[in-house]
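Tertiary structure, described
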Amino acid sequence: MDIQFTAKIFAPDIEPRVRHKQIFETFDRLNSGEFMELTNDHDPKPLYYQFMMEREGEFSWAYLQDGPDLWRVAIGKK
């Protein structure tokens, strides 16, 4: 998958209490057709479910790396 990322986030560097808020703020700044790369030290499945609830139909989600130590996800804005 050859994607140009507009933004990259390494989630473990963000304080947990503001992590999802900052990820959503970054996503909201994307233009249609742009992607952000999220890297995390665990499967960000809870974040995926939050995207399903709060941004249904507005995003794409594709795993680029699926553990066991790092997870990388391409999150696109439709």
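Small disclaimer: the values here were computed from a predicted structure and weren't measured.

What counts, and where the lines are drawn
Residues numbered from 1 in each chain as written. Predicted model: local features only at pLDDT ≥ 70, side-chain atom pairs only at ≥ 80, totals over all residues. Heavy atoms only, no water. Salt bridge = Lys/Arg side-chain N within 4 Å of Asp/Glu carboxyl O. Helix = DSSP H or I, 4+ residues; strand = E, 2+ residues; numbered from the N terminus. Buried < 20%, exposed > 50% of the residue type's maximum accessible area, 1.4 Å probe, protein only. Core = buried A, V, L, I, M, F, W, Y, C linked by side-chain atoms within 4.5 Å. Contact = heavy atoms within 4.5 Å. Pairing = 2+ DSSP bridges. Axes fitted to C-alpha atoms, helices over the stretch in contact; angles between N-to-C directions.

What to know about the pattern of salt bridges
Overall, the coordinates contain 6 salt bridges when judged by the stated rule. In this structure, the salt-bridge partner of Lys21 is Glu25, at a minimum N-O distance of 2.6 Å. Here Lys21 and its partner Glu25 are both found in helix H1 (residues 16–29), 4 residues apart, which amounts to about one turn of the helix. By relative accessible area, Lys21 is classed as exposed at 53%. Between Arg55 and Asp28 there is a salt bridge, with the nearest N and O atoms lying 2.8 Å from each other.

Focus on the nonpolar core
If you look at the biggest cluster of nonpolar residues, it comprises 16 residues, and the most contacted ones within it are Met36, Phe51 and Ile75. Only strand E1 (5–10), H1, strand E2 (35–40), helix H2 (45–54), strand E3 (59–66) and strand E4 (71–77) provide two or more residues apiece to this core. With residues up to four places along the chain from it excluded, the contact list for Met36 reads Phe5, Ala7, Ile9, Ile23, Thr26, Phe27, Leu30, Val73, Ala74 and Ile75.

Topic: the sheet that holds E2
Read across the open sheet, the 4 strands follow the order E1-E2-E4-E3; overall the sheet is mixed. The open sheet terminates on both sides in strands that have one partner only, identified here as E1 and E3. Averaged over neighbouring strand pairs, the angle between their axes works out to 20° when direction is ignored. One ladder, built from 6 bridges, connects E2 with E4; its direction is antiparallel.

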